[in-house]
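Structural characterization, general
Each chain, letter by letter, is given below.
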Amino acid sequence: MAFAITQTCCSDATCVSVCPVNCIHPTPEERAFGSTEMLHIDPRSCIDCGACADACPVDAVFPVDRLPDTQREYARINAAYFEPGGADSEEDAETPAREAAGPGPNFHAWGEPAFDRVLPPDFGPLRVAVVGTGPAGMYAAKDLLLHTRAEVTLIDRLPVAGGLVRYGVAPDHPATRKVGETFARFHTHPRVRMYLGLDVGTDVTAEELAAHHDAVIYAVGAATDRRLGVPGEERPGCVSATTFVAWYNAHPEVAPDAVGLSAERVVVIGNGNVALDVARILVSDPETLAGTQIAGHALAELRRGTVREVVVLGRRGPQHAAYTRSELRALRHLPGVDLVVDDHDPRIGAAIDAAAPRDKAAVLRGLARETVDWSLSPGAGGRRRIVFRFLSAPVEVCGGEDTRAVRVTGGTGDLEIPAGLALRAVGYRGVPQEGLPFDETTGTVPNERGRVTGRPGAYVVGWSKRGPSGGIGANRACAAETVGSLLADAVAGTLPAPAGGPKAFRRLVRRRRR
């Protein structure tokens, strides 16, 4: 019986490296890697060895005959990927590695071996500081620890390690959070020293950090949200999804009373995966969240709250939504929650009906469609629901001292959607890091393959390097590129020599740490 990859796939390709028959695609060597939403196992080639399931850091791989009811469809999704026309793109379908290799035990053609890094035999140990303990920073640290003799200093401004895995993943996605366990084993590595609650730029300067290490890798992520640029978005009751996610994950910098849920209707502006996460948390039965790692104050507020309806607002049509198909499919299995498409514009239904099987819009097929009467109370039907409203751009958050409605515009003109809470979920944005250049347009640190522009010995990885795109697994390849640049510079002798050693840095931290 074959195995199948399911919704929580992180796409870091750990499973690809252990598969003995090369049946998991796309691989990092294929052009489609990084553009597909998840990896897939070919059931015709899978030999049921289970190596991929053992290696998966997020428990996303299951035997097909053991898939839970809510994930049975992934057996078909994995198989369909390898059928003619089943790939996500023409480039993917034309990848040579996916063509049959003829008779033999491997079923697929193997690529040529590649040796991306060659270190001299006398390559000595480096002292490298990694600022940030989220996935990007930990993939970089893992690479250095497993492939060199480097001594790594892990630094995080927060009192708990984990970054995006700890504070950005929804509490009802425990499998995704499990990747944190993979990273945590490196926290106690004999060549690692970790400093939590240490802020680079406040407690120590970037120059002081560089003076005690051969190189510094910054993995500081994208700490704030993008703005809507509409009147009223600073009004009480209009909250960023960044704050909302941090609130229900007990982020130490977000107060327990930062969010109130006394409204019956909430408008979520944006239709990416974060928008679906917050919508799902808002309408889920609080008792199903009680066994998760949700913050106690958030669970108590959800129990007291009166939210009955969440409107997910998208500027464009359903075929252009930013969420992944797997996250949308998961919403269809929420108990006691109805999903509705607001059929206010004929282009919406037409796009859903015309969608090809692998198009995002096709996942909406079969959902109820209605022209929503926004004058009715959200709780009139007696059930909680999520309403998808496409082709609607927010133009104002209305109200007085509190949020009263979100005014939107679309094909039918302006309309006010009554709501007591509006959540901005239109993307993350990086913030300037002390001691580094910053591109205000992209919200990133200017770099070349991870080398910070104009700062020898400084490197960047993750969202602060490439912008807020890609999930957890995308950071593996990103970190490999940055570490490769660092090691190439070390071999070339272009890294600045540190003035102080690890003991001097420890003394400095003891004097400065809050």
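As the structure is a computational prediction, the values presented were derived from the model and not from experiment.

The subject of this paragraph is helix H13 (residues 296-304). For H13, the complete set of buried residues consists of Ala298, Leu299, Glu301 and Leu302. With its buried residues spanning 165° around the axis, H13 presents them on a single face. Exposed residues on H13 whose side chains face more than 90 degrees from its buried face are Gly296 and Arg304. Against helix H10 (241-248), helix H11 (273-283) and helix H12 (286-289) lie the buried residues of H13.

A separate point is the nonpolar core. Membership of the largest hydrophobic core comes to 56 residues, with the highest contact counts inside it found for Ile5, Ile24, Ile41 and Ile217. Per element, the largest residue contribution to this core is seven residues, and it comes from helix H5 (residues 135-147). Once residues lying within four places of it in the same chain are set aside, the contact partners of Ile5 are Cys15, Ile24, Met38, Leu39, His40, Ile41, Ala60, Val61, Tyr74 and Asn78. Counting 49 residues, the second-largest nonpolar core is a separate cluster that includes Ala295, Val310, Leu331 and Leu423.

Let's shift gears to the packing of aromatic side chains. Following the criterion strictly, the structure yields eight aromatic pairs and no others. Each ring, one from Tyr81 and one from Phe82, has its centre 5.2 Å from the other, and the planes form 85°; the classification is edge-to-face. Here Tyr81 falls in the buried class, since its relative accessible area comes to 0%. The exposure class of Phe82 is buried, given its relative accessible area of 9%. Pairwise contacts between aromatic rings join Phe244, Trp247 and Tyr248 into one cluster.

On to the sheet that holds strand S17 (residues 403-410), then. The strand order across the open sheet formed by three strands is S16-S17-S18, and the pairing between neighbours is antiparallel. Strands with a single pairing partner mark the edges of an open sheet, and in this sheet they are strand S16 (392-399) and strand S18 (413-418). The sheet shows a mean angle of 25° between the axes of neighbouring strands, taken without regard to direction. In this sheet, S18 lies alongside S17 in antiparallel orientation, the contact comprising six bridges. Its bridge partner lying in S18, Val406 is registered against Ile417.

This paragraph deals with the sheet that holds strand S19 (residues 421-424). In a beta sheet, neighbouring strands pair by backbone hydrogen bonds and run either parallel or antiparallel. Across the sheet, seven strands lie side by side as S10-S19-S11-S12-S15-S13-S14; this open sheet has parallel pairing. Of all strands in the sheet, those with a lone pairing partner are strand S10 (238-240) and strand S14 (368-370), marking the two edges. For this sheet, the mean angle separating the axes of adjacent strands, direction not counted, is 25°. By the bridge criterion, five bridges tie strand S11 (residues 265-269) to strand S12 (residues 309-313) in an arrangement that is parallel. Residue pairing for S12: Ile269 is matched across the bridge by Leu313. Each of S10 and S19 is contacted by H10, which is oriented at about 75° to S10, the strand it contacts most. Strands in contact with H11 are S11, S12, strand S13 (337-342), strand S15 (384-389) and S19; relative to S15, the strand with the most contacts, it is inclined by about 155°.

So, on to the pairing of strand S6 (residues 151-156). Across the six residues of S6, five count as buried, placing the element largely inside the fold. In terms of strand pairing, strand S5 (residues 127-131) meets S6 through five bridges, oriented parallel. Opposite Val131, over in S6, you have Ile155 as the bridge partner. In terms of handedness, the path from S5 via H5 over to S6 forms a crossover that is right-handed. Two elements, S6 and strand S7 (residues 192-196), share five bridges in a ladder whose sense is parallel. In the strand pairing of S7, Asp156 is matched with Leu196.

Between H10 and H11, the least distance of the axes is 11 Å, while the angle of their chain directions is 50°. Judged on the interaxial angle alone, H11 and H10 are oblique. Relative to H11, the crossing made by H10 is left-handed. Two secondary-structure elements touch here, H10 through Ala241, Phe244, Val245 and Tyr248 and H11 through Val274, Asp277, Val278, Ile281 and Leu282. Considering only residue class, the contact of H10 with H11 consists of eight nonpolar, no polar and one charged.

Below, the discussion takes up the confidence of the model for the chain. For the chain, per-residue confidence averages 91 on the pLDDT scale, and 94% of positions sit at 70 or higher. pLDDT under 50 marks residues 94-101. Its contacts with residues more than four places away, or in other chains, come to 23 contacts.

To continue, consider unusual backbone geometry. Of note, the amide linkage connecting His25 to Pro26 takes the cis form, showing an omega dihedral of -5°. For Pro26, the position within the fold is in the loop between strand S2 (24-25) and strand S3 (40-41). For Asp59, which is not glycine, the phi dihedral falls at a positive 50°. With respect to the secondary-structure elements, Asp59 resides in the loop between helix H2 (51-55) and strand S4 (61-63). Of note, the phi angle at Arg449 is positive, near 55°, even though the residue is not glycine. Looking at the secondary structure, you find Arg449 in the loop between strand S21 (447-448) and strand S22 (451-452).

A contiguous patch of positive charge, built from Arg193, Lys503, Arg507, Arg510 and Arg511, is present on the exposed surface. Element by element, the count of residues in the positive patch is highest for helix H18 (residues 502-512), at four residues. Relative to the assigned elements, Arg507 resides in helix H18. Residue Arg507 is classed as partly exposed on the basis of its relative accessible area, which comes to 45%.

Definitions and cut-offs
- Residues numbered from 1 in each chain as written.
- Predicted model: local features only at pLDDT ≥ 70, side-chain atom pairs only at ≥ 80, totals over all residues.
- Heavy atoms only, no water.
- Buried < 20%, exposed > 50% of the residue type's maximum accessible area, 1.4 Å probe, protein only.
- Helix = DSSP H or I, 4+ residues; strand = E, 2+ residues; numbered from the N terminus.
- Arc of directions from axis to C-beta.
- Contact = heavy atoms within 4.5 Å.
- Core = buried A, V, L, I, M, F, W, Y, C linked by side-chain atoms within 4.5 Å.
- Phe/Tyr/Trp six-rings, centres within 6.5 Å; stacked < 30°, edge-to-face > 60°.
- Pairing = 2+ DSSP bridges.
- Axes fitted to C-alpha atoms, helices over the stretch in contact; angles between N-to-C directions.
- Right-handed = clockwise from strand over helix to strand, strands pointing away.
- Parallel < 35°, antiparallel > 145°, perpendicular 65-115°, else oblique.
- Left-handed = near helix turned anticlockwise from the far one by under 90°.
- Nonpolar A, V, L, I, M, F, W, Y, C, P; charged D, E, K, R; others polar.
- pLDDT = per-residue confidence, 0-100.
- Patch = residues over 30% accessible without salt bridge, like charges linked within 9 Å, V, L, I, M, F, W, Y side chains within 5 Å.
- Areas by Shrake-Rupley, 256 points an atom, 1.4 Å probe, with all protein chains shown as cover.
- Salt bridge = Lys/Arg side-chain N within 4 Å of Asp/Glu carboxyl O.
- Lys, Arg positive; Asp, Glu negative; His and termini not counted.
- Charge placed at Lys NZ, Arg CZ, Asp CG, Glu CD.

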